[in-house]
Amino acid sequence: MSKLSHSSRSSSLNVLIIAGVTPYELKPNEKYMSLDQIIHFKKILEKWKDQINNNIVYYKSLCTAEQESINFPDPVDRAVQEEEFNIKLRNQDRERKLIEKIERTLKKIDKNNFGFCTSCAVEIGIRRLEAHPTADLCIDCKTLEEIREKQMTG
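The protein chain has the name RNA polymerase-binding protein DksA in an unreviewed UniProt entry, where Candidatus Blochmannia ocreatus is given as its organism.

1. Some points on the confidence of the model for the protein chain
In this model, the protein chain carries a mean pLDDT of 84, and residues with pLDDT of at least 70 account for 83%. Within the protein chain, no element has a lower average pLDDT than helix α1 (residues 3-19), which sits at 55, and none a higher one than helix α5 (residues 139-153), at 95.

2. Some details on the UniProt feature "domain: Zinc finger DksA/TraR C4-type" (unreviewed entry) in the protein chain
Mapped onto the present numbering, the UniProt feature "domain: Zinc finger DksA/TraR C4-type" (unreviewed entry) falls on residues 113-145. Secondary structure content for residues 113-145 is 39% helix and 0% strand, while the C-alpha to C-alpha distance between its ends is 21 Å.

3. Comments concerning the layout of surface pockets
The calculated volume of the second largest pocket comes to roughly 200 Å³. Together, 14 residues line the second largest pocket, and K101, H132, T134, A135 and D136 are the ones closest to its centre. Looking at the lining of the second largest pocket, the elements with two or more residues in it are α1, α4 (126-131) and α5.

4. Digging into the nonpolar core
Of all hydrophobic cores here, the largest spans 27 residues; its most connected members are M33, F41, I44, I109, F114 and L129. Secondary-structure elements contributing two or more residues to this core are α1, α2 (35-69), α3 (75-110) and α4. Among the elements that make up this core, the one with the highest residue count is α2 (seven residues). Contact partners of F114, with chain neighbours within four places excluded, come to M33, I38, F41, T105, K108, I109, L129 and P133.

5. Looking at the packing of aromatic side chains
In this description, an aromatic ring pair is defined by two values, namely the gap between the centres and the angle between the planes. Overall, the coordinates contain two aromatic pairs when judged by the stated rule. Relative to F116, the ring of Y32 has its centre 5.2 Å away and its plane inclined at 85°; by these criteria the two rings are edge-to-face. Here Y32, found in the loop between α1 and α2, pairs with F116, found in the loop between α3 and α4; they are 84 residues apart in sequence, far enough to count as distant.

Rules behind the numbers
- Residues numbered from 1 in each chain as written.
- Predicted model: local features only at pLDDT ≥ 70, side-chain atom pairs only at ≥ 80, totals over all residues.
- Heavy atoms only, no water.
- pLDDT = per-residue confidence, 0-100.
- Helix = DSSP H or I, 4+ residues; strand = E, 2+ residues; numbered from the N terminus.
- UniProt positions renumbered as here; feature names shortened; annotations may be inferred.
- 1 Å grid on protein atoms, 1.4 Å probe; cavity = no way out; pocket = protein on both sides within 12 Å on 5 of 7 lines; lining within 4 Å.
- Points joined across faces, edges and corners; volume = space filled by probe spheres on them.
- Core = buried A, V, L, I, M, F, W, Y, C linked by side-chain atoms within 4.5 Å.
- Buried < 20%, exposed > 50% of the residue type's maximum accessible area, 1.4 Å probe, protein only.
- Contact = heavy atoms within 4.5 Å.
- Phe/Tyr/Trp six-rings, centres within 6.5 Å; stacked < 30°, edge-to-face > 60°.

Listed below in C-alpha cells is the structure:
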C-alpha cells in the first residue's frame, strides 16, 4: 500500500469514526450524489461540527479555570503557562474556522451544489469526500493548486 493511500484511508477513517458512520457502500447503478449519499455526508458534517463545538466548550472552560487558578511567581513558569494558553487559543481559532467551513459545506448540500469541483465541475468522489468532507476541489485541481502554491513560495 502506498503512503498516500494509507494516509487517505486513515484520514477518512478518523472523520468517519467521529461521525459514527461506516464508509459509504455504493449501490449498483447509483447516481452520484444520490439522496442516500447526501444524507451520509450531511450526517458526517453535522456530527463533526458537534464534536468540534464540544471541544471548544471544553477548552474554554479549561482555559478559564487554568487562568484563574494558577498564578506562577516564577517568570519561566509564567512564560510556559502563557505559551500553553496561546497554543490553546490557536487551536480554538483553527476549530472555529473549520466550523465555518463545515457550515459552508452544509449550505452547499442544501443548495444541491455539493460533491463537485468548484474549479472544473467534475465529481470530487465519494472516498475523497469521506476523507475530506469539506473538499471543494477534485484531486487533480487540488494537486495543481498545491504546485502553484509551492512555486509562489519558492
